[in-house]
Amino acid sequence: MNIALFGYGKMGKMIEKIALKRNHNIVAKIDLDATDINFSEIDVAIDFSMPNAAYGNIKNCLEHNVPIISGTTGWLQDYQKAVALCKKNNGAFIYASNFSLGVNLFFELNSYLAKLMAPQDQYGVVMEEIHHTQKLDAPSGTAITLAEGVIDNTNYTKWKLDSAGDREIPITAKRIGDTPGTHTVTYESEVDSIEIKHTAHNREGFALGAVIAAEWIVGKSGVFTMKDVLNLS
Ligand SMILES: NC(=O)C1=CN([C@@H]2O[C@H](COP(=O)(O)OP(=O)(O)OC[C@H]3O[C@@H](n4cnc5c(N)ncnc54)[C@H](O)[C@@H]3O)[C@@H](O)[C@H]2O)C=CC1
Ligand SMILES: O=C(O)C1=N[C@H](C(=O)O)C[C@H](O)C1
């Protein structure tokens, strides 16, 4: 498969390594300068760039009929525009806040736990995410997906960074060293705590998941999620 990388930073480089191991070709590495791209040779594009660049890259791919896998976080104000453009062009598009298998299983566990906790008013939920100091967005995309999983299954109505009011989920975002990504969901009562946690040890799981999604999407049209790719619930 011929893959184009939009964003050649920490994730772009890791994806290149894994894609080559799986016998794919990297036919373009677009970092900052998105001119002179030969879209006709690209089977699928993978975007891990920056919040202010992601939508432009997705649009560019969809308008050239190239399937696009989007891992960049912090651009979701434009997500519905990307969905509409994909449908209009009969294209193919996946966004995931986190491509790792482990986190996608963790999302399922989080939704299941939220369903169990929904009637238990004596517990309140809090979330924490820890990432490296270069991360531009807060809270992380993964923390937002986790909060949405709780909101969909309980009477919490929204999330907020740091302090939160009644029926709001407080998310604490910490930036420490080179931390690849740690997410914790805790239900607290006066007598005990129930906690689930996912710790990424490196970026390989994110990159492998993105390459698997790219392999999966070629030949399909529609807007998909990692649940479709991994065949989860
Ligand atoms: N969904 C997931 O599984 C994961 C998502 N991420 C997200 O991926 C994004 C990138 O993460 P990293 O690689 O760690 O960041 P990074 O800062 O190491 O790399 C980003 C790269 O994008 C480039 N860039 C800036 N403007 C661009 C443009 N218009 N077109 C193409 N490239 C452009 C920068 O020059 C830089 O090299 C972040 O939003 C991060 O939150 C990171 C890890 C996993
Ligand atoms: O910026 C990162 O590094 C990561 N970003 C994603 C997020 O915002 O959730 C995924 C992962 O946690 C690493």
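Residues numbered from 1 in each chain as written. Chains lettered and ligands numbered in written order. Predicted model: local features only at pLDDT ≥ 70, side-chain atom pairs only at ≥ 80, totals over all residues. Heavy atoms only, no water.

On to the UniProt feature "binding site: (S)-2,3,4,5-tetrahydrodipicolinate" (unreviewed entry) in the protein chain. Here, the residues flagged by UniProt with the feature "binding site: (S)-2,3,4,5-tetrahydrodipicolinate" (unreviewed entry) are His132, Gly141 and Thr142. Residue placement: histidine 132 occurs in the loop between β6 (124–131) and α5 (141–153). For histidine 132, a relative accessible area of 11% translates into the label buried. Those residues within four positions of histidine 132 in sequence are excluded, and the remaining contacts are Lys10, Arg175, Ile176, Gly177, Asp178, Thr179 and Arg203. You can see glycine 141 is positioned in helix α5. The exposure class assigned to glycine 141 is buried, which follows from its relative accessible area of 7%. (UniProt positions renumbered as here; feature names shortened; annotations may be inferred. Helix = DSSP H or I, 4+ residues; strand = E, 2+ residues; numbered from the N terminus. Buried < 20%, exposed > 50% of the residue type's maximum accessible area, 1.4 Å probe, protein only. Contact = heavy atoms within 4.5 Å.)

It is worth spelling out the nonpolar core at this point. One finds Ile15, Ile46, Ile69, Ile94 and Phe99 to be the most contacted residues of the largest nonpolar core, which totals 27 residues. For this core, the secondary-structure elements that each account for two or more residues are β1 (2–6), α1 (10–21), β3 (44–47), β5 (92–95), α6 (204–217) and α7 (226–230). Of all the elements, α6 adds the most residues to this core, at seven residues. Setting aside chain neighbours within four positions, we find isoleucine 69 in contact with Val44, Ala45, Ile46, Asp47, Ile94, Phe99, Ala210, Ala213, Ala214 and Ile217. Ile30, Phe39, Ile42 and Trp75 belong to the second largest nonpolar core, which has 22 residues in total. (Core = buried A, V, L, I, M, F, W, Y, C linked by side-chain atoms within 4.5 Å.)

Neighbouring ligand 2 are 13 residues, the closest being His131, His132, Lys135, Gly141 and Thr142. Here an oxygen atom of ligand 2 sits 2.6 Å away from a polar atom, N or O, in the side chain of histidine 131. Threonine 142 places a side-chain nitrogen or oxygen 2.5 Å from an oxygen atom of ligand 2. Protein chains bury 85% of the 320 Å² of accessible surface belonging to ligand 2 in isolation. Both domains that meet at the shell around ligand 2, namely domain 1 (2–99 + 204–230) and domain 2 (101–201), each give it at least three residues. (Near = heavy atom within 4 Å. Polar contact = N/O pair within 3.5 Å; in protein donor to acceptor, adjacent residues only side chain to side chain. Areas by Shrake-Rupley, 256 points an atom, 1.4 Å probe, with all protein chains shown as cover. Domains from an automatic or database assignment.)

Moving on: the domain arrangement of the protein chain. Annotation of the protein chain at the domain level lists domain 1 (2–99 + 204–230) and domain 2 (101–201). Between domain 1 and domain 2, the C-alpha centre-to-centre distance is 26 Å. The interface of domain 1 with domain 2 comprises 12 residues on the first partner and 15 residues on the second. Interface of domain 1 and domain 2: buried area, both sides summed, is about 1,000 Å²; carbon and sulfur atoms make up 56% of it. For the pair domain 1 and domain 2, the interface holds one salt bridge. (Buried area = accessible area lost by both parts, 1.4 Å probe. Salt bridge = Lys/Arg side-chain N within 4 Å of Asp/Glu carboxyl O.)

What follows is about the packing of helix α2 (residues 51–63) against helix α3 (residues 79–88). Two numbers describe how α2 lies on α3: the axes approach to 10 Å, and their chain directions differ by 5 degrees. On the basis of the axis angle, α2 is roughly parallel to α3. Contacts from Tyr55, Ile58, Lys59, Leu62 and Glu63 in α2 reach Lys81, Ala82, Leu85 and Cys86 in α3. Here the contact of α2 with α3 is composed, by residue class, of six nonpolar, no polar and three charged. (Axes fitted to C-alpha atoms, helices over the stretch in contact; angles between N-to-C directions. Parallel < 35°, antiparallel > 145°, perpendicular 65-115°, else oblique. Nonpolar A, V, L, I, M, F, W, Y, C, P; charged D, E, K, R; others polar.)

Sheet architecture is open: six strands sit in the order β2-β1-β3-β4-β5-β11, paired in parallel fashion. Looking at strand neighbours, the two that pair on one side only are β2 (25–30) and β11 (222–224), the edges of this open sheet. In this sheet, adjacent strand axes meet at a mean angle of 20 degrees when their direction is disregarded. Relative to β2, β1 is paired through five bridges, and the arrangement is parallel. Among the inter-strand pairings, alanine 4 is bridged to a residue of β2, identified as alanine 28. Packing of α2 onto the sheet brings it into contact with β1, β3, β4 (68–70) and β5, and relative to β4 it is tilted by some 165 degrees. (Pairing = 2+ DSSP bridges.)

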